[in-house]
Amino acid sequence: MTETNSVPLFYDSFGTPDNPTIVLIPGLGGHNISWTSDFCQEIADAGFYLLRIDNRDAGLSHHINEFPPIDLGVLNEKMQKGEPFPIPYTLFDTAEDIIHLLDTLSIDKAHVIGRSMGGMIAQIVAAKFPERTLSLCAIMSSTGNPALPQSAPDVMQMLMSPSANPKEDLEGYLSGQLAFYRRISSTFGPFDENYYREYILQSLTRNHSPEGTKRQIVAVAVTGDLRPYIQQINVPALVIHGSIDPLFPLAAGKDIADNIPNAKLEIIDGMGHETPPMINPLIAKLIINHLNQ
């Protein structure tokens, strides 16, 4: 546990600290365990030191619980009308969390790898702190370009709708979460229900924070279009995206690659907006090759 800008971030690590550092950044509401131990160990064994973090308002990191509860419906109405509303933080703040973490650990530079929202944070780190960034990898992410194709309506409905309270109805909560993962997952292979069930249960034992996830949603919404920033990125960049991603359609991954000079795009056929265990060895191989160039 370290404290960054008064926001404590939890992390665990894989590999030897003398090796080049990688920071793994989870997606919206995600826990650091969304990067599986096998995946992390495979990359660590290739000669890297991995920091697997929880973002603020997720997992075992600090939660901004003093911020008033958020009604996403009301918030959306205010955004549509251009009316002001309270903002807990932006993704630029979460990017600074990464830098403060490196400062605390006396790490000069790191490779930054993020998935979904974490990929947006990683883009900001590479754009705003080039002197601290060795390379960038954005997985199933986006630039926030408002002209990009929208998420599938049913996926957004599932994402924005309240879940059952797991303390009152665990099976109802599990059922809803599994339905969401099944919808956004890959046709790369059969849906691994046991893996997702175990991840959901492990996440619940770490921390359940629907309000924290809402604050992260606000942060994504108000951060806006990253293209003016990422066009200045001058470190090696890899974009990994699924061909059937229903949350950030493939055009979003292409948009990242189109706006970062010399970025490489890897499209995984049949991958949705998740990384089931059977895809992890392929993603690990792509990342290791990227880092060793």
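The paragraphs below set out a description of the structure included in this document. What you are looking at is a predicted structure, and each value in this text was computed from that prediction instead of being measured.

As for the sheet that holds strand β9 (residues 264-268)
Item 1. Taken in spatial order, the seven strands line up as β3-β5-β4-β6-β7-β8-β9 in an open sheet, and their pairing is mixed. Lying at the two open borders of the sheet, with one neighbouring strand each, are β3 (11-14) and β9. Each adjacent strand pair in this sheet contributes to an overall mean axis angle of 20 degrees, direction not counted.
Item 2. Of the pairings in the sheet, the one linking strand β4 (residues 21-25) to strand β6 (residues 110-115) comprises four bridges and is parallel in character. From the neighbouring strand, I22 faces β6, where its bridge partner is H111.

What about the pairing of strand β7 (residues 133-139)?
Item 1. With six of seven residues buried, β7 lies mostly within the body of the structure.
Item 2. Both β6 and β7 contribute to a ladder of six bridges, which runs parallel. Counted as the bridge partner of I113 is C137 from β7.
Item 3. Considered for its hand, the β-α-β crossover made up of β6, helix α4 (residues 117-128) and β7 is right-handed.
Item 4. Here β7 runs beside strand β8 (residues 237-242); their pairing, made up of four bridges, is parallel. Each residue of the ladder has a partner; that of I139, found in β8, is I240.

What to know about the pairing of β4
Item 1. Counting buried positions along β4 yields five of five residues, so the element is predominantly enclosed.
Item 2. Burial along β4 is two-sided: the face carrying T21, V23 and I25 and the face carrying I22 and L24 are both buried.
Item 3. Across four bridges, the pairing between β4 and strand β5 (residues 49-53) is parallel. Pairing of V23 across the sheet is with L51, part of β5.

Examining the pattern of salt bridges
Close approach of charged atoms allows side chains of opposite charge to pair.
Item 1. In total, this model carries 13 salt bridges according to the counting rule given.
Item 2. Between D154 and R183 there is a salt bridge, and its shortest N-O distance comes to 2.6 Å. With D154 in helix α5 (residues 153-160) and R183 in helix α6 (residues 170-184), this residue pair connects regions lying 29 residues apart in the sequence.
Item 3. Across the pair R197 and E193 runs a salt bridge whose closest N-O atoms are separated by 3.5 Å.

Here's the deal with unusual backbone geometry
The phi torsion of most residues other than glycine is negative, and most of the peptide bonds are trans.
Item 1. A positive phi angle, near 55 degrees, is found at S106, a position not held by glycine.
Item 2. With respect to the secondary-structure elements, S106 resides in the loop between α3 (91-104) and β6.
Item 3. For S106, a relative accessible area of 68% translates into the label exposed.
Item 4. With phi around 55 degrees, S116 is a residue other than glycine that occupies positive phi space.
Item 5. Its place among the elements puts S116 in the loop between β6 and α4.

Topic: the packing of aromatic side chains
Item 1. This model, assessed by the stated rule, comprises seven aromatic pairs.
Item 2. Their ring planes at 25 degrees and their centres at 5.0 Å tell us that Y181 and Y196 sit as a pair that is stacked. You can see Y181 sitting in helix α6 and its partner Y196 sitting in helix α7 (residues 193-206), a full 15 residues away along the chain. Neither Y181 nor Y196 differs from the other in exposure class; each is buried.
Item 3. Exposure remark for Y196: the relative accessible area of 1% places this residue in the buried category.
Item 4. Taken together, the ring pairs in this structure connect F180, Y181, F191, Y195, Y196 and Y199 into an aromatic cluster.
Item 5. Over the aromatic face of Y89 sits the side chain of R56, whose NZ or CZ is 4.8 Å from the ring centroid.

A short note on the nonpolar core
Item 1. With 50 residues, the main nonpolar core has V23, L51, I121, L136, I233 and I260 as its most contacted residues.
Item 2. I22, W35, C40 and C137 belong to the second-largest nonpolar core, a separate cluster that totals 25 residues.

Each value, and the rule that gives it
Residues numbered from 1 in each chain as written. Predicted model: local features only at pLDDT ≥ 70, side-chain atom pairs only at ≥ 80, totals over all residues. Heavy atoms only, no water. Pairing = 2+ DSSP bridges. Helix = DSSP H or I, 4+ residues; strand = E, 2+ residues; numbered from the N terminus. Axes fitted to C-alpha atoms, helices over the stretch in contact; angles between N-to-C directions. Buried < 20%, exposed > 50% of the residue type's maximum accessible area, 1.4 Å probe, protein only. Right-handed = clockwise from strand over helix to strand, strands pointing away. Salt bridge = Lys/Arg side-chain N within 4 Å of Asp/Glu carboxyl O. Phe/Tyr/Trp six-rings, centres within 6.5 Å; stacked < 30°, edge-to-face > 60°. Lys NZ or Arg CZ within 6 Å of the ring centre and 35° of its normal. Core = buried A, V, L, I, M, F, W, Y, C linked by side-chain atoms within 4.5 Å.

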